[in-house]
Amino acid sequence: MPWSNSSELSPSFILASIPGPEAARCWVAMALCSAYAVAVLGNLAVLLVVRAEPSLHTPMYFFLCMLAALDLALATATVPRVLSFYWFGSREIGFGACLLQMFLIHTLSAVESSVLLAMAVDRYVAICHPLRHAAVLSSGATAKIGLLAVARGVLFFLPLPLLLLPLPFCGSRLLSHSFCLHQDVMNLACANTTPSVVYGLTAILLVMGLDAVLICLSYILILKAVLRLAAWRERLKVFSTCIAHICVVLAFYVPLIGLSVVHRFGKDLAPLVHIIMGNVYILVPAVLNPIIYGVRTKQIQRRILSLIHVTDR
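Only a predicted model underlies this, so the values are computations on that prediction, with no experimental measurement involved.

**Q** An account of the overall build of the protein chain is needed here, citing residue identities and associated values.
**A** Within the protein chain, the regular secondary structure consists of 12 helices and four strands. Compactness check: the protein chain gives a C-alpha radius of gyration of 21 Å against a globular reference of 20 Å for 313 residues, within 12% of the reference. With the C-alpha coordinates of the protein chain rotated into their principal frame, the extents come out at 70 × 50 × 35 Å. Partitioning the intrachain contacts of the protein chain with sequence separation of at least 6 by distance along the chain shows that 79% fall at a separation of at least 24. A total of about 15,900 Å² of accessible surface is found on the protein chain, and carbon and sulfur atoms cover 72% of it. Between the mean site of the 21 positive side-chain charges and the mean site of the 12 negative ones, the protein chain shows a separation of 12 Å.

This is the structure in structure tokens:
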């Protein structure tokens, strides 16, 4: 019998779980919990350090704070729910909760992509037009960019759950991931999903795809400017200011591309691959971003070491 969101009984989905014995699942839960704790502590540390360190009150580090807040929100929207079914066996998620989680994941990812683009533009202006940097990326402009990034994410990805809302669902309710993603939920519908497919692909291309192209363009222009410098040492010094951002971009886009490839071509892959790729997509940027900037930024290192020293006393 088909079931739909219009039925009297509240429809629900079954979240995917790591296959294997109970002991293995406990280890997986511990690993996820540890990664989540590192992500929360690392991103909170970035937020507190940037707030407390006046020398970091620049557009690049304001964007980094936005990135840290987005990573915290994205991890918190997914990981606690995943841990709840590993620890308490609650694998069922309601239709409304699933749509809300899906909206949050896609919207927060879109906003993060926009912030990464803004950071690339910041690096381009700082290197190629240093005298105009303060005028172009003032505090007011930085705040407006952040608000535009949020509005862009919401406007592009709000239609995704709305397009799924009237669809009937039948057959299997088992998702491929430990949380709700648009394509995963859409594949369970027993109706024509062409509008949802077309819009979802269009939104991804116009947001993440366009941002990736513009980030690459920014770095091509930066590379041209750097190569015009006479000394190799000066070239390396200037380009080294971009290394942290390049690593953060890779940490975001590589799992995103990997997850998209698995969705598109991985129908015959083991369920474990889908689950791992989903968790990597959610947790890797949140864990790595504060570590990358902590290693590359001396002010952050000094402030964190001073906090540790005070705590030890």
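**Q** Now, about the packing of helix α2 (residues 59-88) against helix α3 (residues 95-128): what can you tell me, with residues and values included?
**A** One way to put it is that α2 packs onto α3 with a least axis distance of 10 Å and a crossing angle of 160 degrees. The angle between the axes of α2 and α3 places the two elements in the roughly antiparallel class. For the pair α2 and α3, the sense of crossing is left-handed. Each residue belonging to the contact of α2 with α3 can be placed in one class, and the counts come to 18 nonpolar, three polar and five charged.

Rules used in this analysis
- Residues numbered from 1 in each chain as written.
- Predicted model: local features only at pLDDT ≥ 70, side-chain atom pairs only at ≥ 80, totals over all residues.
- Heavy atoms only, no water.
- Helix = DSSP H or I, 4+ residues; strand = E, 2+ residues; numbered from the N terminus.
- Rg over C-alpha atoms; globule rule 2.2 N^0.38 Å.
- Contact = heavy atoms within 4.5 Å.
- Areas by Shrake-Rupley, 256 points an atom, 1.4 Å probe, with all protein chains shown as cover.
- Lys, Arg positive; Asp, Glu negative; His and termini not counted.
- Charge placed at Lys NZ, Arg CZ, Asp CG, Glu CD.
- Axes fitted to C-alpha atoms, helices over the stretch in contact; angles between N-to-C directions.
- Parallel < 35°, antiparallel > 145°, perpendicular 65-115°, else oblique.
- Left-handed = near helix turned anticlockwise from the far one by under 90°.
- Nonpolar A, V, L, I, M, F, W, Y, C, P; charged D, E, K, R; others polar.

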